[in-house]
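So the chains spell out like this:
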Amino acid sequence: MSTPLRLDPELRKHLLRWYAAVKRPLPWRTLRDPYPIWVSEVMSQQTRVETVIPYWERWMQRFPTVEALASSPLDDVLHLWAGLGYYSRARNLHRGACAIVEQLGGKVPETVEGLRTLPGVGEYTAAAIASIAYGAPVSVVDGNVERVVCRWLRLEHDARASTGRAAVRAAAQEALDPLQPGDFNQAMMELGATVCTPRNPRCVVCPVAPWCRGRAAGDAERFPVLRPKAPSQVSIWWGVVARAEDGRVLMGRRVEGGLLGGLWEPPLLTATCDVAAPDLRAAGIDGLPAGEGTAFTHVFSHRRWVVVPVFVNRAILPERLEGYTELGWFDRAGLDALARSRLANKLLASQGEGHQSLLHGRFEVPSRRPRKERP
Ligand code: SF4
């Protein structure tokens, strides 16, 4: 068991000096307004910062204030978010903005407790906004900070278990510089992201190397100690790329609430390993089957979906499909205006014999020659 952190005040100085010298020029780092910081923190969850920057810039142009976000239709918000994944984040930002405008007079809460009342704002995000925007002396613990702290202290706890998380939080809080909590938190995150990386930490350039037990023992990479994750659930789907006689493609809007809720996609039908072809008619899709494309895997945080594209030509618009609140035909321009997930894009881009990608190249009308139905 590691002994508690006894912090040399020099460590904070070294870390903050290093951060001031090397920090990446992220566009939200010069701001103290809680709204853009909130947006940046939510976008950065599970997403690389290089990916976030253009989305954040487009977002701040389109929704520059909480009021602008609250007064915009959710469809516009989801459309701008398309491609970032984990769409519940966008819905929560929109709901949070509405709550701030309607219930809090348009002011983003200042405390961790107040921030945590916003939808989708957990301990990490609340602490980040409170410390960076308002200077609250609360530590932020993300995966980067967790790694740094576990290596500093050679923490043997399972970092995913509650005791391990509590030990990391306590050490991070003790280390925090109460005079510059926002900068200190960002410095810790930056250190984990750029120097104390999961593999090959660059201890020779690390500002806290003199105080690091992992470096001294020569086994820093052994930390954090993590027990294996539960295996992800796998489901299999038929992804139905159905086209009308005029070439437009059938899109459905998923019911709100679940994975990818509210987004548009070619309809997905549940499949099993042992069924050779989907029963489209039973599912409510009427048309000429036109073969299958190559199956692909789409990975969510704890799930994997294997999707087999199936093509249908000269289809008739179904009255309803389970799991979808709206259905419609869309041409290229119509598709571009829809809030779609990456999964939908993969499906639209899939190709098969006699079927071209609907996202690239020409949007062709399918052959009128009826195809032989699969047995
Ligand atoms: Fe990480 Fe090495 Fe710095 Fe320790 S000295 S915090 S292991 S980069």
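In this text the structure is predicted, and so the values were computed from the model without any measurement.

(A) Region of interest: the site of the ligand. Every residue near the ligand is listed here: Arg151, Trp152, Val195, Cys196, Pro201, Cys203, Cys206, Val208, Ala209, Cys212, Arg215 and Ala220. Because more than half of its atoms lie within 2 Å of the grid, the ligand is assigned to the largest cavity.

(B) Quick peek at the pattern of salt bridges. Enumeration over the complete set of coordinates arrives at 20 salt bridges. Note that Glu245 and Arg314 form a salt bridge whose closest N and O atoms lie 3.6 Å from each other. Of this pair, Glu245 sits in the loop between β1 (233–242) and β2 (249–254) while Arg314 sits in strand β7 (residues 303–316), and the two are 69 residues apart along the sequence. Between Arg253 and Glu326 there is a salt bridge, with the nearest N and O atoms lying 3.9 Å from each other. Remark: Glu326 occurs in strand β8 (residues 324–330) and Arg253 occurs in strand β2; sequence separation between them is 73 residues.

(C) Representation of the packing of aromatic side chains within the structure. All chains considered together, the criterion is met by seven aromatic pairs. An angle of 70° between the planes, with centres 4.9 Å apart, marks the rings of Trp59 and Phe63 as edge-to-face. Phe63 shares its class with Trp59; the two are buried. Ring centres of Phe300 and Trp305 lie 4.8 Å apart, and the angle between their planes is 65°; on these two criteria the pair is classed as edge-to-face.

(D) Up close: the packing of helix α2 (residues 34–44) against helix α3 (residues 49–62). Here α2 crosses α3 at 145°, and the two axes come no closer than 10 Å. At the point where α2 passes α3, the crossing takes the right-handed sense. Contacts from Tyr35, Pro36, Val39, Ser40, Met43 and Ser44 of α2 reach α3 at Val52, Tyr55, Trp56, Trp59 and Met60. When the residues that make up the contact of α2 with α3 are grouped by side-chain class, the tally is nine nonpolar, two polar and no charged.

The rules we used
- Residues numbered from 1 in each chain as written.
- Predicted model: local features only at pLDDT ≥ 70, side-chain atom pairs only at ≥ 80, totals over all residues.
- Heavy atoms only, no water.
- Near = heavy atom within 4 Å.
- 1 Å grid on protein atoms, 1.4 Å probe; cavity = no way out; pocket = protein on both sides within 12 Å on 5 of 7 lines; lining within 4 Å.
- Sits in = over half its atoms within 2 Å of the grid points.
- Salt bridge = Lys/Arg side-chain N within 4 Å of Asp/Glu carboxyl O.
- Helix = DSSP H or I, 4+ residues; strand = E, 2+ residues; numbered from the N terminus.
- Phe/Tyr/Trp six-rings, centres within 6.5 Å; stacked < 30°, edge-to-face > 60°.
- Buried < 20%, exposed > 50% of the residue type's maximum accessible area, 1.4 Å probe, protein only.
- Axes fitted to C-alpha atoms, helices over the stretch in contact; angles between N-to-C directions.
- Left-handed = near helix turned anticlockwise from the far one by under 90°.
- Contact = heavy atoms within 4.5 Å.
- Nonpolar A, V, L, I, M, F, W, Y, C, P; charged D, E, K, R; others polar.

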